[in-house]
Amino acid sequence: MHPVLGAGWRVAGWLANALVATGLPGDGKLARTFRLRRGATARMAEWAARHRDPARPLLWVHAPSVGEGLMARPVLERIRASHPDWQVAYTYFSPSAERFAARLVPSLADMAEVLPFDTVGAARRWLDALAPSALVFAKLDGWPLLVREATRRGTPVGLVSAALDPGSSRRGALAAAALRDAYASLGAVGTVDGATAEALVALGVRREAVSVTGDTRYAQVLARVASVAARGWEPRLGRGRPTLVAGSTWPADEVVLLAAWREIRRTHPTARLVVAPHEPTPAHLAALAAPLRALGGTVAPVDAPEAAGADVVLVDRMGILADLYALGDVAFVGGGFHDAGLHSVVEPAAWGRPVVCGPRDARQRDAEGLAAVGALRRVADAAQLAAIVRAWFDDGTAATALGNAGRAVVEAGRGAAEASVRLVERLVEQRVERRVERAPAR
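A brief look at the structure comes next. The written sequence of each chain sets the order in which its residues are numbered from 1. Reporting of local features is limited, given that this is a predicted model, to residues whose pLDDT is at least 70; pairs of side-chain atoms are given and counted only at 80 or more, and all residues count toward the totals for whole chains, interfaces and linings. Computation of side-chain values covers all heavy atoms of the structure but excludes hydrogens and water.

1. Here we look at helix 3 (residues 40–51)
Because an α-helix packs 3.6 residues into every turn, residues spaced three or four apart end up facing the same way.
Consideration 1: By definition, any uninterrupted DSSP run of H or I lasting at least four residues is a helix, any uninterrupted run of E lasting at least two residues is a strand, and each is numbered from the N terminus. Under the convention used throughout, the expected extent of a helix is 1.5 Å for every residue step, that is, one less than its residue count. End to end, helix 3 covers 16 Å across 12 residues, agreeing with the expected 16 Å (1.5 Å per residue, within 8%).
Consideration 2: Only protein chains enter the accessibility calculation, which uses a 1.4 Å probe. A residue is then buried if its area is under 20% of the maximum for its type, exposed if over 50%, and partly exposed in between. Within helix 3, burial applies to Ala-40, Met-44, Trp-47 and Ala-48. The buried residues of helix 3 occupy one face: seen down the axis, they fall within an arc of 100 degrees. Those residues of helix 3 that are exposed and angled more than 90 degrees off the buried face are Ala-42, Ala-49 and Arg-50.
Consideration 3: The contact criterion used is simple: two residues touch if any of their non-hydrogen atoms lie within 4.5 Å. At its buried positions, helix 3 is contacted by strand 1 (58–62), strand 2 (87–92), strand 3 (111–114) and helix 6 (120–130). It is the directions from the helix axis to the C-beta atoms that the arc portrays.

Written out as structure tokens, the structure is:
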């Protein structure tokens, strides 16, 4: 890392840790980000002192948020099945991933903990206590000081399901300079596609360390679609009515959605709308329900007994959107009218549902793949959204064919989890071989 950037990174880490100690007021995401880290290293060290078996390999997997956790999960499932003797430590960054991480223990991980901010001291304490056989990051979140300390100790470091969208900030000059040394230290990198592979080589990853393994999320989403739990919503809420499922919507998406829904209801009065806001707070849901009721239909929460017959179903809890796409004939994925950008289009595609979204997808790789086969359409306003939904409601055969084409795109990524597991196995084997080579002769 450039000396000036390195100094700035260290100062930022020191300041962040100071805020962990003092805390921030309120219960917002930023405040929770700092509060969650209070005592994290001590909790990890206590686990290691009680449970770390140095005779067994330990795989350390870091996935910063839920999306990356979903990438890591299929790999963890297969590692557990093929290497039950390995110990697994799982870390995350975002407070939104706390519950997801906790659910991995003990079936897929031996411990789960939030990762402290990137400082030399924290990296050394964690590496001393865990003594990992390999450190693997999901998607792209390799912290430079942690990577440097790990490689200095001979711990192999890798990436699985590495993805770098065209609009990613990681392509910027500042980020590239800050992360170049970390990228160069990676022993093995599995990317979702060839474009990401070339981009990472340009950012400093050694070409011989890179292979295209595919996107492990696809296997995870397909497994969920096939599960009994995912299919439980259809008998509860029923099918048969033309249904639009709008997922992960922001207020900016909902302005367009409400205007389009008014037009759709004029020609399709029996149609149903299922809305799952990105942030389903009581205030947000109340503000959304009022204009929907003004359109003349009935509105009900998803778990209410009357939801099966409602014209609009409001999803007031998280964690079920991926399953609710099963109810739709068409999916509207939110974020495309919001600065945050488009949310996951893979989940509705895995159900074989054609997708419509707003224009702000930053040429997202998943959206591009679906658009290439006609399974995803981008719209600029409410009139276009209404027109496409009406057309797909009216021509179910065409909508089904497009949805099936999207499903085929997802199916093509099934082998990514197995390829990623082989990459992780090679990393762990490297560490085991090094230990054997260094062991003194008797």
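Let us keep going from here.
2. Looking at the environment of Val-256
Consideration 1: Topologically, Val-256 is positioned in helix 12 (residues 251–267).
Consideration 2: Considered as a pair, Val-256 and Asp-381 are 125 residues apart in the sequence and their alpha carbons are 6.4 Å apart.
Consideration 3: Contact partners of Val-256, with chain neighbours within four places excluded, come to Phe-337, Asp-381, Ala-382 and Leu-385.

3. Thoughts on the pairing of strand 5 (residues 157–162)
Consideration 1: Of all the 6 residues making up strand 5, 6 are buried; the element is thus mostly covered by neighbouring parts of the structure.
Consideration 2: Considered for its hand, the β-α-β crossover made up of strand 4 (residues 134–138), helix 7 (residues 144–152) and strand 5 is right-handed.
Consideration 3: A pair of strands is considered paired only if DSSP assigns at least 2 bridges between the two. As paired elements, strand 5 and strand 6 (residues 188–191) share 3 bridges and run parallel to each other. Each bridged residue has a counterpart across the sheet, and for Leu-159 the counterpart in strand 6 is Val-189. Look down the strands so they point away from you; if the path from the first strand over the helix to the second goes clockwise, the crossover is right-handed.

4. What to know about a nonpolar patch on the surface
Consideration 1: Residues enter patches when they are more than 30% accessible in relative terms and free of salt bridges; like-charged ones are connected within 9 Å and nonpolar ones (Val, Leu, Ile, Met, Phe, Trp, Tyr) within 5 Å. In short, Shrake-Rupley with a 1.4 Å probe defines the accessible areas, and a residue's cover is counted only from the protein chains shown. In the sections that follow, a salt bridge refers to a side-chain nitrogen of Lys or Arg positioned within 4 Å of a carboxyl oxygen of Asp or Glu. Taken together, the side chains of Val-11, Trp-14 and Leu-15 present a nonpolar region at the surface, about 340 Å² in accessible area.
Consideration 2: Examined against the element boundaries, Val-11 turns out to sit in helix 1 (residues 3–22).
Consideration 3: Residue classification places Val-11 among the partly exposed residues on the basis of a relative accessible area of 47%.

5. Details of the packing of helix 10 (residues 217–226) against helix 18 (residues 396–411)
Consideration 1: Geometry is summarised by axes, namely lines fitted to C-alpha atoms with helices restricted to the contacting stretch, and by angles between N-to-C directions that run from 0 to 180 degrees. At a minimum axis separation of 9 Å, helix 10 and helix 18 run at an interaxial angle of 125 degrees. On the basis of their axis angle, the class for helix 10 and helix 18 is oblique. Of the residues in helix 18, those touching helix 10 at Tyr-218, Leu-222 and Val-225 are Arg-407, Val-409, Val-410 and Glu-411.
Consideration 2: For this classification, Asp, Glu, Lys and Arg are treated as charged, while Ala, Val, Leu, Ile, Met, Phe, Trp, Tyr, Cys and Pro are nonpolar and the rest, including Gly, are polar. When its residues are assigned to classes, the contact of helix 10 with helix 18 shows 5 nonpolar, no polar and 2 charged. Geometric relationships in this document are graded by angle, where less than 35 degrees denotes roughly parallel, more than 145 denotes roughly antiparallel, 65 to 115 denotes roughly perpendicular, and other angles denote oblique.

6. Observations regarding the side chain of Thr-33
Consideration 1: Note on placement: Thr-33 falls in helix 2 (residues 29–36).
Consideration 2: Residues adjacent in sequence count toward polar contacts only when both atoms are side-chain atoms; beyond that, a polar contact is any pair of N or O atoms within 3.5 Å, and within protein one must be able to donate a hydrogen and the other to accept it. A polar atom in the side chain of Thr-33 sits 2.8 Å from the backbone oxygen of Lys-29.
Consideration 3: Excluding its chain neighbours within four sequence positions, the residues that come into contact with Thr-33 are Phe-93, Pro-95 and Phe-117.

7. Points about the pairing of strand 6
Consideration 1: Of the two faces of strand 6, both are covered, the one formed by Ala-188 and Gly-190 as well as the one formed by Val-189 and Thr-191.
Consideration 2: By the bridge criterion, 3 bridges tie strand 6 to strand 7 (residues 210–212) in an arrangement that is parallel. Its bridge partner being in strand 7, Thr-191 is matched across the sheet by Val-212.
Consideration 3: What joins strand 6 to strand 7 is helix 9 (residues 194–202), and the crossover it makes is right-handed.

8. Re the packing of aromatic side chains
Consideration 1: The criterion for an aromatic pair is that two Phe, Tyr or Trp rings (for Trp, the six-membered ring) have centres within 6.5 Å, with stacked assigned to planes under 30 degrees apart, edge-to-face to planes over 60 apart and tilted to the rest. A full pass over the atoms with the stated rule returns 4 aromatic pairs.
Consideration 2: Look at Trp-60 and Trp-126: their rings are 5.7 Å apart centre to centre, the planes differ by 25 degrees, and that puts the pair in the stacked class. Pair noted here: Trp-60 is in strand 1 and Trp-126 is in helix 6, with a separation of 66 residues, a long-range link. Each member of the pair, Trp-60 as well as Trp-126, is classed as buried.
Consideration 3: Each ring, one from Phe-93 and one from Phe-117, has its centre 6.0 Å from the other, and the planes form 75 degrees; the classification is edge-to-face. Here Phe-117 lies in the loop between strand 3 and helix 6 and Phe-93 lies in the loop between strand 2 and helix 5 (98–102), a separation of 24 residues in the sequence.
Consideration 4: Overall, the relative accessible area of 25% leaves Phe-93 in the partly exposed class.
Consideration 5: The rings of Phe-34, Phe-93, Phe-117 and Trp-143 are connected pair by pair, giving a single aromatic cluster.
Consideration 6: By the criterion adopted, a ring carries a charge over it if an Arg CZ or a Lys NZ lies within 6 Å of its centre and within 35 degrees of its normal. A cation over an aromatic ring shows up here: Arg-37 above the ring of Phe-93, its NZ or CZ 4.3 Å from the ring centre.

9. A short note on the nonpolar core
Consideration 1: Residue types Ala, Val, Leu, Ile, Met, Phe, Trp, Tyr and Cys, when buried and joined through side-chain atoms within 4.5 Å, form a set referred to as a nonpolar core. Counting 38 residues, the largest nonpolar core has Trp-60, Leu-130, Leu-146, Tyr-183, Val-189 and Leu-200 as its most contacted members.
Consideration 2: Those residues within four positions of Leu-200 in sequence are excluded, and the remaining contacts are Leu-140, Ala-162, Leu-164, Tyr-183, Val-189, Thr-191 and Val-205.
Consideration 3: Within the second largest apolar cluster, 36 residues are counted, among which are Val-274, Leu-321, Leu-342 and Ala-367.

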